[in-house]
Amino acid sequence: MSGDNEPPQPTYLGGRMDLRDGVKTLSMDGQTTRASLPGLGPDDRRHVYYYAILPNLLLNLHPDYMLTFTMWPRSVDRTDVVCEWHFHPEAIAQPDFDPRGAVEFWDLTNRQDWELSELAQEGIASRGYRPGPYSNREELLQGLDRFVRERTGAEMPAARDPVQEPA
């Protein structure tokens, strides 16, 4: 629950997450032997930045590496996702360079996220599904909805009061 989102923009969505004390990066143990990326100040070494560059690029900026996800929709229920890790050339040239901590962390996280996404897709596809309101913490999802609706010509639904809306 750390960090802060930036207000949704027409071409990108995102924000930052603060690393806990003692955590240097997102890896299996929170540690790394890699130096921070050049030019980062002390504050940026304590943050991970997440951005969606619309329509299909996710950019994760870590203190010591960058991770990208490119999403290629293939049908209404299938998207190919290409995940790439980017490390500074000087880090790669080090004899002790080892990307495994970051790769293993994101492999596990991605597999968990994909399972949740598949379950959500199944639920949304069911005849009993009725959309509800977003949490007040989901302004970025609302921004993504707006981006899609503007490009498809779909109308935005009227605001709904969850207390008065029948289940």
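Because the structure is predicted, anything quoted here is derived from the model rather than measured.

A. How the structure looks around the overall build of the protein. Of regular secondary structure, the protein possesses 3 helices and 6 strands. Written out in order from the N terminus, the α and β elements of the protein read β-β-β-β-β-β-α-α-α. With respect to the principal axes defined by its C-alpha atoms, the protein has extents near 60 × 30 × 30 Å. By residue count, 22% of the 167 residues in the protein fall in the buried class. Across the protein, contacts joining residues at least 24 apart in sequence account for 50% of those joining residues at least 6 apart. Accessible area for the protein stands at about 11,900 Å²; split by element, carbon and sulfur atoms hold 54% of it. Taking the average location of the 17 positive side-chain charges in the protein and that of its 27 negative ones, the two points are 2 Å from each other.

B. Expanded view of the pattern of salt bridges. This structure, assessed with the given rule, holds 7 salt bridges. Salt-bridge contacts for Arg 34 lead to Asp 64; the nearest nitrogen and oxygen are separated by 2.8 Å. Of the two residues, Arg 34 is situated in the loop between β2 (12-18) and β3 (47-53) and Asp 64 in the loop between β4 (57-61) and β5 (66-75); the sequence distance between them amounts to 30 residues. There is no split in this pair, since Arg 34 and Asp 64 are both buried. A salt bridge links Asp 107 to Arg 111; its shortest N-O distance comes to 3.1 Å. Of the two residues, Asp 107 and Arg 111 both sit in helix α2 (residues 100-125), 4 residues apart, roughly one turn of that helix. The network of salt bridges with shared partners includes Arg 74, Arg 78 and Asp 80.

C. Spatial organisation of the sheet that holds strand β1 (residues 4-5). Overall, antiparallel pairing links the 6 strands, which are arranged β1-β2-β3-β4-β5-β6 in an open sheet. Of all the strands in the sheet, the pair left with one neighbour each is β1 and β6 (78-86). Bridging between β4 and β5 involves 5 bridges; their strand directions are antiparallel. Paired with Leu 57 across the two strands is Thr 70, which belongs to β5.

D. Broad picture of the layout of surface pockets. Size it by volume and the second largest pocket reaches roughly 170 Å³. As for the second largest pocket, its lining consists of 13 residues, of which Arg 34, Ala 35, Glu 90, Ala 91 and Gln 94 are closest to the centre. Looking at the lining of the second largest pocket, its residues break down into 5 nonpolar, 4 polar and 4 charged.

E. Inspection of the confidence of the model for the protein at higher detail. Scored by pLDDT, the protein has a mean of 90; 92% of the residues are at 70 or more. Contacts of residues 161-167 to residues separated by more than four positions or lying in other chains number 2 contacts, the stretch itself having pLDDT below 50.

Analysis parameters
Residues numbered from 1 in each chain as written. Predicted model: local features only at pLDDT ≥ 70, side-chain atom pairs only at ≥ 80, totals over all residues. Heavy atoms only, no water. Helix = DSSP H or I, 4+ residues; strand = E, 2+ residues; numbered from the N terminus. Buried < 20%, exposed > 50% of the residue type's maximum accessible area, 1.4 Å probe, protein only. Contact = heavy atoms within 4.5 Å. Areas by Shrake-Rupley, 256 points an atom, 1.4 Å probe, with all protein chains shown as cover. Lys, Arg positive; Asp, Glu negative; His and termini not counted. Charge placed at Lys NZ, Arg CZ, Asp CG, Glu CD. Salt bridge = Lys/Arg side-chain N within 4 Å of Asp/Glu carboxyl O. Pairing = 2+ DSSP bridges. 1 Å grid on protein atoms, 1.4 Å probe; cavity = no way out; pocket = protein on both sides within 12 Å on 5 of 7 lines; lining within 4 Å. Points joined across faces, edges and corners; volume = space filled by probe spheres on them. Nonpolar A, V, L, I, M, F, W, Y, C, P; charged D, E, K, R; others polar. pLDDT = per-residue confidence, 0-100.

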